[in-house]
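# Overview (structure and organization)
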Amino acid sequence: TIRGNVRWSYRNRWRNNKISRRLFSGLFYVDLIISSWVLGTITNLDERNKCLNELKRVLKTGGECYLTLGSKSTYGFKQMNWPFVDENTKLRMDDGPEKGIPHFYADYNLIKKLFVEFDIKEITHIEEFFERNGDVTSSFHYHVLIRKN
């Protein structure tokens, strides 16, 4: 399956598909971009900035982007035994298909900084609940709506 810019397999292999490269060449602009978990998988700051620049380039003036980001309030970021890649990125170390995969996490202030060149319309902090084998766990995420000025 493909999730964001990372190709996942059941054997826990992944590769970066370079979502930061130019999405469209020439004069092509869009009204809406939906980006689910893409920025959370781009752990290199330069690549993340290229991706944000590409969002700004392809959006029409007044165009919007709805995106999701992992929250620093979530379980994964709070795991003391998971190694940091940088101050906002940790390697997942629990068993499963994402073991060893870096995850980028944000907080409110970092979101404001990341999207300073956009009009931030909405920042929502969401707790999602999961039930597995009778156990209930939760995870925190941000849902962000930005507009190109």
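All figures in this text were calculated on a predicted structure; none of them were measured in a lab.

The next point concerns helix α1 (residues 45-58). Here α1 spans 20 Å end to end across 14 residues, near enough to the 20 Å set by a 1.5 Å rise per residue. Residues of α1 that are buried include every one of E47, R48, C51, L52, E54, L55, R57 and V58, and no others. Where α1 starts, the residue carrying a side-chain oxygen 2.9 Å from the main-chain nitrogen of D46 turns out to be N44.

Moving on, we come to the pairing of strand β4 (residues 59-71). Pairing geometry for strand β3 (residues 30-35) and β4, over five bridges, is parallel. The partner of S35 across the bridge, within β4, is L67. Examined bridge by bridge, β4 and strand β9 (residues 135-147) share seven bridges and lie antiparallel to one another. Among the inter-strand pairings, G70 is bridged to a residue of β9, identified as H141. Taken together, the two bridges between β4 and strand β7 (residues 102-106) define a ladder with parallel strand orientation. Bridge pairing in β7 places G70 opposite Y105.

Within β7, five of the five residues are buried, leaving the element largely enclosed by the surrounding structure. Along β7, one buried face is formed by P102, F104 and A106 and the opposite face, lined by H103 and Y105, is buried too.

Before going further, it helps to spend a moment on the confidence of the model for the protein chain. Counting all residues, the mean pLDDT for the protein chain is 83, and 82% of those residues have values of 70 or more. Element-level mean pLDDT values for the protein chain span from 39 in strand β1 (residues 2-3) up to 96 in helix α3 (residues 108-114).

A few words on the nonpolar core. Core analysis: the largest hydrophobic core is formed by 23 residues, its most contacted members being L39, L67, L69 and F115. Elements that contribute at least two residues to this core include exactly β3, α1, β4, β7, α3 and β9. Leave out the neighbours within four places in its chain, and L39 touches R48, C51, L52, L67, L69, F104 and F115.

Analysis parameters
- Residues numbered from 1 in each chain as written.
- Predicted model: local features only at pLDDT ≥ 70, side-chain atom pairs only at ≥ 80, totals over all residues.
- Heavy atoms only, no water.
- Helix = DSSP H or I, 4+ residues; strand = E, 2+ residues; numbered from the N terminus.
- Expected span 1.5 Å × (residues − 1).
- Buried < 20%, exposed > 50% of the residue type's maximum accessible area, 1.4 Å probe, protein only.
- Polar contact = N/O pair within 3.5 Å; in protein donor to acceptor, adjacent residues only side chain to side chain.
- Pairing = 2+ DSSP bridges.
- pLDDT = per-residue confidence, 0-100.
- Core = buried A, V, L, I, M, F, W, Y, C linked by side-chain atoms within 4.5 Å.
- Contact = heavy atoms within 4.5 Å.

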